[in-house]
Amino acid sequence: MTLRLTRRFVHQLFIRRYASKDSSITTTTTTDSNKDLTTEKSSEISTVKRAFTLINPKTVHEIKRIDDTPIKNEMDLIRHRLTENRVKNIPIETDVLIIGGAIMGSSIAYFLKQRSPDMKVTVLERDWNYTTSSTVLSAGGLRQQFALEENIQMSVYGAEFLKHIRDHLSILDEDPVPVSFHHNGYLLCGSEQSVKLFEENHKTQTSLGAKSKLLTASMLKEKFPWLNTDGIAIGCYGIQNEGWLDPWALLNAFRQKALSLGVLYLNAELVGFDKSKRVWADGTIENQLDKALILSADNNRIYPMDSSFFINAAGPWAGEVAKMAGIGVAGEYPVALPVEPR
Ligand SMILES: Cc1cc2nc3c(=O)[nH]c(=O)nc-3n(C[C@H](O)[C@H](O)[C@H](O)COP(=O)(O)OP(=O)(O)OC[C@H]3O[C@@H](n4cnc5c(N)ncnc54)[C@H](O)[C@@H]3O)c2cc1C
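We now turn to the structure provided with this report. (Residues numbered from 1 in each chain as written. Predicted model: local features only at pLDDT ≥ 70, side-chain atom pairs only at ≥ 80, totals over all residues. Heavy atoms only, no water.)

1. Considerations on the sheet that holds strand β10 (residues 212–216)
Step number 1: Taking strand neighbours across the sheet as the criterion, the three strands line up as β9-β11-β10 in an open arrangement whose pairing is antiparallel. Each edge of the sheet is formed by a strand with only one pairing partner; in this case those strands are β9 (187–190) and β10. Here the average twist between neighbouring strands, direction ignored, is 20 degrees.
Step number 2: Taken strand by strand, helix α8 (residues 195–207) contacts β9, β10 and β11 (234–238), and its axis lies near 25 degrees from that of β11. (Pairing = 2+ DSSP bridges. Helix = DSSP H or I, 4+ residues; strand = E, 2+ residues; numbered from the N terminus. Axes fitted to C-alpha atoms, helices over the stretch in contact; angles between N-to-C directions. Contact = heavy atoms within 4.5 Å.)

2. Focus on the site of the ligand
Step number 1: The ligand sits among 25 residues. The nearest are E125, S133, S134, T135 and G141.
Step number 2: Taking T135, its side chain carries an N or O atom lying 2.6 Å from an oxygen atom of the ligand.
Step number 3: In isolation the ligand has 1000 Å² of accessible area, and contact with the protein removes 71% of it.
Step number 4: When contributions to the shell around the ligand are tallied by element, the ones reaching two or more residues are α4 (103–115), β6 (121–125), α5 (134–137) and β13 (264–280).
Step number 5: Grouping the amino acids of the shell around the ligand by side-chain chemistry returns 14 nonpolar, eight polar and three charged. (Near = heavy atom within 4 Å. Polar contact = N/O pair within 3.5 Å; in protein donor to acceptor, adjacent residues only side chain to side chain. Areas by Shrake-Rupley, 256 points an atom, 1.4 Å probe, with all protein chains shown as cover. Nonpolar A, V, L, I, M, F, W, Y, C, P; charged D, E, K, R; others polar.)

3. Description of helix α10 (residues 247–260)
Step number 1: Here α10 contains 14 residues, and its C-alpha end-to-end distance of 20 Å stays within 8% of the 20 Å for a straight helix at 1.5 Å per residue.
Step number 2: Restricting attention to buried positions, one finds in α10 the residues P247, A249, L250, L251, A253, F254, R255, K257 and A258.
Step number 3: Close packing links the buried residues of α10 with α4, α5, α6 (149–163), α7 (165–169) and β13.
Step number 4: Downstream of α10 by a residue or two, G262 has a phi angle that is positive, lying close to 105 degrees. (Expected span 1.5 Å × (residues − 1). Buried < 20%, exposed > 50% of the residue type's maximum accessible area, 1.4 Å probe, protein only.)

4. A word on the packing of α4 against α10
Any two packed helices are characterised by the angle at which their axes cross and by the distance between the axes.
Step number 1: Close contact between α4 and α10 brings their axes to 9 Å; oriented N to C, the two are set at 35 degrees. Once α4 is placed against α10, the crossing between them reads as left-handed. Two secondary-structure elements touch here, α4 through I103, S106, S107, A109 and Y110 and α10 through L250, L251, F254, R255, K257 and A258.
Step number 2: Class assignment of the residues belonging to the contact of α4 with α10 gives a composition of seven nonpolar, two polar and two charged. (Left-handed = near helix turned anticlockwise from the far one by under 90°.)

5. Some remarks on the nonpolar core
Step number 1: Counting residues in each nonpolar core, the largest one holds 26 residues, and the members touching the most others are L169 and L250.
Step number 2: Sort the elements by how many residues they give to this core and α10 lands first, with six residues.
Step number 3: Excluding residues within four positions of it along the chain, L169 makes contact with Y110, F161, P176, L250, A253, F254 and K257.
Step number 4: Residues L97, I99, L270 and A314 belong to the second largest nonpolar core, which totals 17 residues. (Core = buried A, V, L, I, M, F, W, Y, C linked by side-chain atoms within 4.5 Å.)

6. Overview of the packing of aromatic side chains
Step number 1: A full pass over the atoms with the stated rule returns nine aromatic pairs.
Step number 2: Residues F161 and F254 carry aromatic rings whose centres are separated by 5.4 Å and whose planes lie at 20 degrees to one another, so their mutual orientation is stacked. Here F254 lies in helix α10 and F161 lies in helix α6, a separation of 93 residues in the sequence. The exposure classification of F161 matches that of F254, with both residues buried.
Step number 3: Taken together, the ring pairs connect Y110, F111, Y157, F161 and F254 into an aromatic cluster.
Step number 4: Geometry around W128 places R255 over its ring, the cationic atom sitting 5.5 Å from the centre.
Step number 5: Above the ring of Y265, the side-chain terminus of R255 is found at 4.7 Å from the ring centroid. (Phe/Tyr/Trp six-rings, centres within 6.5 Å; stacked < 30°, edge-to-face > 60°. Lys NZ or Arg CZ within 6 Å of the ring centre and 35° of its normal.)

Shown next, in the form of structure tokens:
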């Protein structure tokens with residue numbers, strides 16, 4: 001425990017000076033007497049310029065990093081970190097930082113915290129009304145009829161989860177927010193050319209525990225008399241574990257449960273990362289995410305936050321977040337994450 005605290009404390013004693021208005025940052029020295037703790041790889045020969053990525057040009061003139069003030073010595077840093085400039089609820093560090101607090105971010109937070117209660121899990125969500133989140137815009141449909149095994153497995157798990165939602169998401173024995181699951185099978189129809197594909201998919205789905213039934217055109221007509229079956233040769237109907245629910249309610253159930261387990265939700269936006277480039281003796285250059293830069297909705301200021309892990313749960317904005325982390329940036333990881341909002 002002591003070592004852990006010391007390590008964290010030492011980590012915070014890195015002294016930075018923020019060089020110019022364009023926010024590029026240079027790192028100066030560390031004044032740590034315990035060298036073992038500050039240098040993890042002795043062959044490192046230099047730490048070059050830090051990069052500051054900011055992707056919100058609209059608000060850039062209004063915002064200010066909380067650590068813009070020059071810090072000259074350890075006492076300045078400690079005072080600065082612990083007192084006047086820090087909004088109380090934004091911690092200096094966390095174990096896991098999840099970017100995006102809708103259904104994916106909240107469920108990841110719940111599962112992590114449930115399995116590792118001591119882990120510090122923080123969720124960043126810039127829009128607490130979730131106005132543009134896919135989660136609340138979605139139809140909330142659950143189906144098992146996919147071709148890809150992983151999709152089928154996730155969906156089968158999802159149905160099981162919903163059946164036992166009380167065990168997962170109730171708080172202090174209170175029932176979770178009702179998600180209003182309506183059982184109703186999906187019906188997929190295909191022409192003569194699709195028959196083989198339907199049969200193959202059905203075989204895969206059944207082998208993974210999904211419950212669906214193949215129907216010929218006459219069986220379809222009998223079961224759904226209102227259906228025009230002209231040109232239809234085959235149908236596949238979900239007979240169990242398919243239907244729809246209220247996505248807003250499910251999101252709230254996850255959020256409330258995660259909060260009850262101690263997950264910290266911040267109304268804030270990830271706007272970039274402090275990155276460092278490390279050059280090792282063998283010439284390799286390592287790009288490293290140093291701190292997440294968090295724009296607080298409370299005061300429009302940017303707070304740097306350390307984290308051991310960053311999880312990208314930003315939905316349609318996941319491509320932007322990945323880019324901030326250097327994914328899809330020439331020279332770093334040139335292949336971009338092909339996700340963008342439409
Ligand atoms: C019209 C529609 C219908 C759909 N119907 C279905 C369906 O029937 N069944 C089904 O399974 N799926 C459906 N989907 C897909 C499903 O909704 C999504 O796969 C799912 O909601 C994705 O959840 P998410 O948490 O990854 O993303 P989102 O719900 O989009 O959440 C991402 C969150 O990240 C936040 N965020 C983004 N960038 C940042 C940042 N830099 N800092 C802080 N926060 C940030 C956003 O504010 C947002 O709240 C549908 C989607 C749509 C749009």
